[in-house]
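Structural description and commentary
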Amino acid sequence: MRILIFLLVMFSVAGVSATELLTLRTWPAPDRTRLVFDLSGPAAFEIFRVHGPDRLVIDLLQTAHTNALPLVLRPDSRIRSLRYAARDQGLRIVLELTQPLVIRQALLPPTAPYGHRLVVDLLEPELPPGAPRVARVPAPAPAETQQTQPQPERPLVAASTPPPAVAAPAAALVVAGTAATAAPKSSLPAWRRDGVVVVIDPGHGGDDVGAIGAGGSHEKDVVLAVARELKTLIDRQPGMRAVLTRDGDYYIGLRERMTRARAKGADLFVSIHADAFRDRRVRGSSVFVLSRTGASSEAARWLAEQENAADFVGGLTLDGKDAQLKSVLLDLSQTASLAASLEVAGSVLNALGQIGPLHYRQIQQAGFMVLKSPDIPSLLVETAYISNPEEEGRLGNRAFRLKLAGAIRDGIMSYFDEHGVTAERSAQAPSDAGHQHWVNPGETLSGIALHYAVSPERIRLANNLDTDTVRAGELLHIP
């Protein structure tokens, strides 16, 4: 039986000029693909599946594609091909899929900088806890997989589509299951198990570009570049490792970012952003942690929802506890997490103040969704104002992004070192940990420090140097 999802917008189709399909944008992610159809106005649409081979058919009613540019897909392992053609005063789009997928869709009203959009998400089905993801997944429920015989199609225009890409190992996390199935944390300190885990969250992504700079740069791209630099720097530290919530241009829901951090056993969650303001003169870095109000509202949500009864908070499950005990345990976990968040945020803020101006000289507190994990110290770093032309230019420069990443790394290191992690990490570190650098003619200590994103002072201390003078041919240990 045909599965129809038929949404009529609040206008009469009869007598109304056709809406135009302007563009198609696609955002492949490790566990889903998002398709965004940009429309010139509101539209009605119909979606159904056809099998043998597996296809998704999207009919845009009273809609035409008159743009001279063809619809083009990004390389995507879930979509084998795309075809489209005019049909019955509308437009039919056929996606041939490589595997059965869960389909979600929404017709969105205009929201700057976008107009009307039809958003279709192709999601890989949920897997049982611990089950590995494979190229093929089980077919959806019978109600969604019954074959249909669509009306005869007119010849379709084949979109310019590259051959299906072979699925490569995803750099970003792919999480099967939910926080409710995560194992409780060990009672041992994290760095004694598998190293301190820092989850780095580049904000926005995909269709959500974030703030747009005066020169046209997008926040989503800038913060991903900073996050990658920060990951590289943290991974160089003995006994520490970093994980990105996303390592590509795709969007992840705010709560899903929290879930992924918990699934990886995060000891710290750092969200990276680049602020914007209508006054282009505003500049500087800021650091945020969760507000008390935000913590209280999240605690109420956790305690009110039955599905959270088995979530682990600070290594303790709330399952089977009475309401009062749940509240006490959650409050204890939140209090400890917020205290740690404030401490590490202060270290990061101080380090950022050493490399550039601060917009706020004090830690700010707000109810940002990504900061609401009750059991993970979390902070949000506004690296600079992308709306400021000067700072936008600096964010586009890798040397400045390295400085930002180095400052955030130094603040994180300062926090963990003050809490006794240094000795544990040193005991685990190989004797040749770090880097060695042969000084080339013309190089300076400050230039070498910038290259490795460490401070000149740390290089001086590591090599017992009394001055900033280095000689060609000299071997330096880079901490």
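This one's a predicted model, so the numbers in the text were calculated from it and none came from an experiment.

The rules behind these values
Residues numbered from 1 in each chain as written. Predicted model: local features only at pLDDT ≥ 70, side-chain atom pairs only at ≥ 80, totals over all residues. Heavy atoms only, no water. Helix = DSSP H or I, 4+ residues; strand = E, 2+ residues; numbered from the N terminus. Buried < 20%, exposed > 50% of the residue type's maximum accessible area, 1.4 Å probe, protein only. Contact = heavy atoms within 4.5 Å. Salt bridge = Lys/Arg side-chain N within 4 Å of Asp/Glu carboxyl O. Pairing = 2+ DSSP bridges. Axes fitted to C-alpha atoms, helices over the stretch in contact; angles between N-to-C directions.

Our next topic: the overall build of the protein chain. Summing up its helical and strand segments, the protein chain has 11 helices and 21 strands in all. The burial tally for the protein chain puts 48% of its 479 residues in the buried class. Restricting to contacts in the protein chain with at least 6 residues of sequence separation, those with at least 24 account for 73%.

This next bit is on the pattern of salt bridges. One side chain can pair with another of opposite charge once the charged atoms of both are near each other. In the structure shown here, the tally under the stated rule is 22 salt bridges. Salt-bridge contacts for Arg32 lead to Asp31; the nearest nitrogen and oxygen are separated by 3.4 Å. Here Lys220 ties to Asp249 by a salt bridge, and the two come within 3.1 Å at their closest N and O atoms. Of the two residues, Lys220 is situated in helix H3 (residues 219-235) and Asp249 in the loop between strand E13 (240-244) and helix H4 (254-263); the sequence distance between them amounts to 29 residues.

Turning our eyes to something else, we now look at the sheet that holds strand E3 (residues 32-39). Sheet architecture is open: 5 strands sit in the order E6-E2-E3-E10-E9, paired in mixed fashion. Lying at the two open borders of the sheet, with one neighbouring strand each, are strand E6 (63-64) and strand E9 (102-108). With 7 bridges connecting them, strand E2 (residues 19-28) and E3 associate as antiparallel partners. Its bridge partner being in E3, Thr26 is matched across the sheet by Leu35.

For the peptide bond that leads from Gly52 to Pro53, omega is 0 degrees, which places it in the cis range. The topology assignment puts Pro53 in the loop between strand E4 (44-50) and strand E5 (55-61). Phi at Gln62 is positive, roughly 50 degrees, even though this residue is not glycine. Among the structural elements, Gln62 can be located in the loop between E5 and E6. Phi is positive for Asp88, close to 50 degrees, though the residue is something other than glycine. You can see Asp88 is positioned in the loop between strand E7 (79-87) and strand E8 (90-97). Residue classification places Asp88 among the exposed residues on the basis of a relative accessible area of 53%.

This part covers the side chain of Arg55. Here Arg55 shows up in strand E5. Assessed through its relative accessible area of 17%, Arg55 is described here as buried. Non-local contacts of Arg55, meaning those with residues more than four positions away in its chain, are made with Phe48, Arg49, Val50, Arg83, Val94, Leu95 and Glu96.

Turning next to the sheet that holds E13. Ordered in space as E13-E12-E14-E19-E15-E18, the 6 strands form an open sheet in which the pairing is mixed. Here the strands that pair on one side only, and so sit at the sheet edges, are E13 and strand E18 (364-366). Adjacent strand axes in the sheet meet at a mean angle of 30 degrees, parallel and antiparallel pairs treated alike. Across 5 bridges, strand E12 (residues 196-202) lies against E13 in parallel orientation. Across the sheet, Val197 pairs through a bridge with Arg241, a residue of E13.

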